[in-house]
Structures are given as structure tokens and as C-alpha cells.
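Listed below, chain by chain, are the residues.
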Amino acid sequence: MNHTTYVQLLNASCGAFLLAGVLVLWRRDLAAIVRLFALQGAALALLIAVLGVHEGEAGVVALAAGIGALRTLLLPWLLRRALAGDGTSRETQPLVNVAASLTVAALLGLLCYAVTRPIVRLDPTPATHAVPVALTVVLIGLFVLVTRRRAVSQIVGFLLMDNGITAVAFLTASGVPLVVELGVSLDVLLAVLVLQVLTARMRAAFGDTDLDDLRELRD
Amino acid sequence: MTLLLIAPIGAPLLAAACQAALGWRRATSWLGAAAAAVLLTCGIALAATGPHAAPGGLLRADALSAFMLIVIGAVALPAMLVSPAHLAAEETSPRDARRYGVLTQAFVAAMALAVLAASLGMLWVAIEATTVVTAFLVGHRRTRNATEAAWKYVVICSAGIALAFLGVVLLHFAAQQAHVPAAGALGWADLAAHAGRLDPDVTRIAVALLVLGFGAKAGLAPLHAWLPDAHGQAPAPVSALMSGALLSVAFYAVLRVKVIADAALGTGFVRTLLLTVALASLALAAALLLGQRDYKRMLAYSSIEHMGLIALGTAIGTRLAMAAVLLHILGHGLAKTVAFLAAGHLQQTAGTSRIGAVRGVAARAPLAAGAFGAAVLALLGFPPFSLFASELAVFRAGFAAGLGWAVAAALALLLAATAAIAAGTARMLLGGPRTGPGAAAVPSRPPLGAAAALLLGLPVCAAVGIGLGPLHGLLLDAAALLGAH
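Residues numbered from 1 in each chain as written. Chains lettered and ligands numbered in written order. Predicted model: local features only at pLDDT ≥ 70, side-chain atom pairs only at ≥ 80, totals over all residues. Heavy atoms only, no water.

(A) How the structure looks around the environment of Ala12(A). All names here are of chain A. Inspection of the secondary structure assignment puts Ala12 in helix H1 (residues 3–26). Taking relative accessible area as the criterion, Ala12 reaches 49% and is therefore assigned partly exposed. Through-space distance from the C-alpha of Ala12 to that of Ala43 is 8.8 Å; in sequence the pair is 31 residues apart. (Helix = DSSP H or I, 4+ residues; strand = E, 2+ residues; numbered from the N terminus. Buried < 20%, exposed > 50% of the residue type's maximum accessible area, 1.4 Å probe, protein only.)

(B) How the structure looks around the confidence of the model for chain B. Summary statistics for chain B give a mean pLDDT of 92 and a share of 96% for residues scoring 70 or more. With a pTM of 0.95, the predicted complex shows an ipTM of 0.95. (pLDDT = per-residue confidence, 0-100.)

(C) Spatial organisation of the packing of helix H2 (residues 30–55) of chain A against helix H3 (residues 58–84) of chain A. Residue and element names in this part refer to chain A. Viewed as axis vectors pointing N to C, H2 and H3 meet at an angle of 175°, and their least axial separation amounts to 8 Å. Overall, the two elements H2 and H3 adopt an arrangement that is roughly antiparallel. Residues that form the contact of H2 with H3 fall into these classes: 19 nonpolar, 4 polar and 2 charged. (Axes fitted to C-alpha atoms, helices over the stretch in contact; angles between N-to-C directions. Parallel < 35°, antiparallel > 145°, perpendicular 65-115°, else oblique. Nonpolar A, V, L, I, M, F, W, Y, C, P; charged D, E, K, R; others polar.)

(D) Inspection of the pattern of salt bridges at higher detail. Residues and elements named next belong to chain B. Throughout the structure, instances matching the rule amount to 10 salt bridges over all chains. We note a salt bridge from Lys152 to Glu148, for which the minimum N-O separation is 3.3 Å. Taken together, the positions of Lys152 and Glu148, both in helix H6 (residues 144–177) and 4 residues apart, correspond to about one turn of that helix. Taking the relative accessible area as the measure of exposure, Glu148 reaches 0% and is therefore buried. With a closest N to O distance of 3.4 Å, Arg204 and Asp201 form a salt bridge. With a gap of 3 residues between them, Arg204 and Asp201 both fall in helix H8 (residues 200–217), about one helical turn apart. By sharing partners, the salt bridges in this structure join Glu148, Lys152, Asp229 and Arg297 into a single network. (Salt bridge = Lys/Arg side-chain N within 4 Å of Asp/Glu carboxyl O.)

(E) Summary view of a nonpolar patch on the surface. Taken together, the side chains of Met1(A), Leu9(A), Val53(A) and Val61(A) define a hydrophobic patch exposed on the protein surface, amounting to about 310 Å² of accessible area. Structurally, Leu9(A) is set in helix H1. (Patch = residues over 30% accessible without salt bridge, like charges linked within 9 Å, V, L, I, M, F, W, Y side chains within 5 Å. Areas by Shrake-Rupley, 256 points an atom, 1.4 Å probe, with all protein chains shown as cover.)

See below:
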């Protein structure tokens, strides 16, 4: 792969990665949000594969396939199962409306470009220049986590953060050591399984999965 | 030698496997206590034999790891001794009891892995694993409140600690750029040895994320919101494990990060960061302790207060302060475990955890009430308990290091928290007995294993407070590892 193709493919996959994250803020249909999350997983797998091919490391390409399977198939499947018992599949009135959310996403993007300047300066390659994009996805995930009120959208927010962090890991240093990457993926998978079971329990106890009901414990 | 590194993780996992296969029976219910005893013995043996690493480079133990293993064992042993009686009194179904057995053992194993891991990456994996295995323990009772507490716990801790992972990723990047040997790119020993070569700007971002993220799991402000709910809703032995051991294990990660950060950035950066979160945590705990009506939540806020003190001592960072911090971690673990286990017994006797409802219980459950009172005195820093010695040492070290203003502010906040806890406990233990129906119930006495757990922790805490004995050398070795100057 020559340099121009590499940069173009890198930019395209990063663009798709960011776009999927931003669109999560725009949609309120929970099934669509899960589809966007799966799409973002595919963009992440492509991104890692491009980096792996560029560096000629077969291990990284294999890792891309594994991460792709986890994030485009397994995790979205678990999320769809958590959704299945829900009567209404729409986000009830997020705390921040769509227009304001998109503005916030733009501001977060600017903030990330400012914050990541030392990282780009340390090793200015096409890959590290894309780190602000990945970090923006982390912050968008955090924003979804704190402003959305349905259980499934909170899980998606957490997973967007995790996608973003994985992207930062591969863009800066072709990933963390393999043992750590395996452990992290296992932890994320288990966390989502736990949250899926808790969603079912919440539905049994409260009738739905609107997190506004979760306010009995407070001081 | 390698066995000493594997046994603390292997023994609880073996106990978990036995309980998964055979269920929670009369015999298997004591396996957890046996595994905790093995863990404690390995910690002491590691402290005696000195540092070593396992082949393959995944596990590693030095004086600090050995000390943390001793803390985990000292908390897990009483918690596991009380568990059979606790589950029997709750009339837990066999299925739930088996799950409780398996998950508590997996929890202990994950904590042991965290303190024995040789790399920051594995340390992160182990700490996130504790969130996953304890989620169902927090939600054990399956009520609305327990489900709410479990949800908040998993979401806040996972998101908080995800920030720490971003920190790990950035530190890995800085290490790679500085050509730290690839195999040890995340090993904290290699990182600390080559820290001077790390790019300061990137390291600064990474360290801030690591302190914030692991601080969330350690119950430090601003991401502490999960703690009172989780500690209040979990079964008492699990609350004891979480408060006495898990918070300190998460803080152990901050200690390891501090060594790397101090070498790369100088001591000022982490000191400022930790002073901020320490004073914020103390202020928050003091504010929310005033007027607290639930005694398990009162103990939870007291944990935030003590973690704030530990963070303050770490910010001071001299040799005296670091040794005091480690002693405080042990003393808090012992006293808080007894307090939570006694609170659990009182809750089962009175049927509620409201402070106003347990007035007469002191006459019905004298052993538990007495243990609770003594444990609270220990937590408030009264002599002869070791928390008195460690708090005094932290304050002295603070004045000597020129941080008198921070110590003065901490003392004022501590005074408010102490007054609130003392008032609540006095209402519980000294209030007149309840009259009317149900008042003349039979005295409630915990069975032998549980009674031993309640009675043993505090004498140990007092003995450590009076004379350190063999711990003295271990504490100084561990403090020296933390780069104390």
C-alpha cells in the first residue's frame, strides 16, 4: 500500500468512526443507535486493519478481525437482546436536545484538538494526527452516558468511550500489549453482560428501563 | 518461590471452583475463609523473603505488594468467617448462596491479581474485573434499591476507570517514543526506571487521567457517587471487602502511578492533584455525614473520609507520610471490616439500617453493638488503635513538609465528620430501649465463627497501634519503594 492510499484509507475510516459517534447524538430511536454503534465497530476494525497492513504486522490485522467480531456482531447482539423486552424503543426526552447535543459535540471536538497537541507534537505521523478524532469519540461517549436516560443508551455511551480509547491505543502505538488487549476486551464484554442482566432486573422491578426511576438512593 | 505469587490468586479461584461444583454446603462454606488464610500467609511469607518476579514477567512482588496482600487477607478472613452466618440469617436460596460464594472468591482473587500484577495494563484489567464480579454482589438482594445501586456502581466505575485506561494508553505511547524496552512497555518497574526519558507533556495528561480514573474506584471525589449506594446495599461481608480492601487496592494503583509521575514530572504535579481530590473528598464526606440517618451509609461516607486522608498523606509524600499512609490503609481495613460486619448483624437483628430504629438493639445484640462501638472509636482515631498513630504521623509529616494549611483544613473537616459519626453512633448505642411490641425479644448472639471475626480484628488493630513489631521494617521498605525522600 503506497503512502497516499494509506493516508486516504486512514482518513476515510476515521471519518466514518467519528460520523457514527456524532449520529448517535442525532438519533433517538434506540434500535438505530445500536445499528450506528455496530457501524462504528466496523469503522474501528477497518482503521486497525489499515494500520496493520501499513506496518506489515499480521498480528495487528488478526486483532482487527477479533475486535471487529466483538464490536460489530457480539456487543450489538447483546444490546438488541437488552432492548427486546422493552415496549417503547425510543429515548424519552434526553436531558439535552438534539441541536444542543450536536453543538456540544463540535465544541468537544475543538477541545480535543487543543488537548492532544502534545501527543501529535511528540510523534507527528498521519496516524497520530487522527488522535483528536478518536478522543472526540471518547468525550461524545461520556456525554451520551450522562445525558441519556434509557439504560441501553447509557450502555452505548460507555461502549463509545471504549471504542474511542481503543482507537487512541492503535493510532498512537499500534495497540497495548496483547495480554492487556485480551483482558480489556474480556472485561468490556463481561461488563456489558452484567449491564444487560441488570437491565432485565430493572424492567422486572420498575416496569421499564427509564433511569429517572433510579432516584430512591440519595442524600 | 513462584508458588508464593500464584497461590494468593489460585487459592480463592480453587475455592470458587469447588463452590461452583458442590454448591454452598456446610463444608464448602468455610473454603472462602481457608483461601483467605492462605492469601494472608503468602503475604507474610513474601514480606519475609523479599522481592521476586514470576517467570514470564506477568507477576511480581515487592514489599508494597506483600503489604497489600496482608491487608487483603486481613480483611477477607473475617469477612469470610462471618459469611455462613450472614447468609443463613438472610435465608438465602441455595442458588444465590452458591453464586455469592463463587463471586466473593473471584473478587478476592481479582484483588490479589491487582497487587501482584507486574504491569499497569494487567493492574487495570484486574481492577476492572473487580467491578464486573462485584456487580451482582451489590445487587444480591434484588430489590429496587439494590438494582439501582448495582447499576450506578457498574456505570460510574466502568466509565471512571475507562479514563484510567486512556491514561494507560497514553503512558504506553510515551514509553514507546522514549524507547523503554518493548517487553516492559507497561511494566511499572521498567516505567519507573526509565521515567526520566518520558515526554513530560504527554505524561502529564496520562497521569491526570490515571489519578482521576483509579481515584473513582478508590471512592475519591469527584467520581465517588457510586460508593454510598453500593456500600449501603451490598451484604455486610461484601461491604467490608469493598470498603476495607477494594478501595485501598484501587489506591495502590495511584501509588504505583505516583512513583512514575514523580520521576518524570517532579513531585509537584501529583501533589497538587492529590491535595485537590483529598480536600474535596474530606469536605464532601463531612457535609454528607451531618444528618445521615442510615448507619451503613454513615460507614460508607466514613470510607470516603479515610480515603481522603490517605490521599492527603500521599500528597505530602515524605518517608514518614508514606509509612503512615500504609499503616492507615491497614488500620482502616481492620476497623472498617469489624464495623461493617457488626452493622450487618445489627441490621439482621433490627430488620433495618436506619439509625433511629436500632436504639434497643444494644441490649439484644450486646456483642455486635459493642464491636460496632469499639470499631467506630477506632475509625474516629482514638488511641490505642493504629489509626490514631497513623493520623498523627500524617499531620506531623504535613507540617514538616510545609503543607500546614492543607493539614489545618483537613483537621477542621475531620472534626466535623467525627462529630457527626459520634452523634449517630451515640444515638444507636446509648439510646433507651424501645418499648412496646417486639421489645422483649430474645438476645441475638452470633455463632462462633462470626463472633471470632468480630472479636479478633480490633485487638490486632490496637496491637499494631501500640507497637509495630515485625511490620516496622516492611512499612519502611514499602515507603522507600514509593520514592519517599
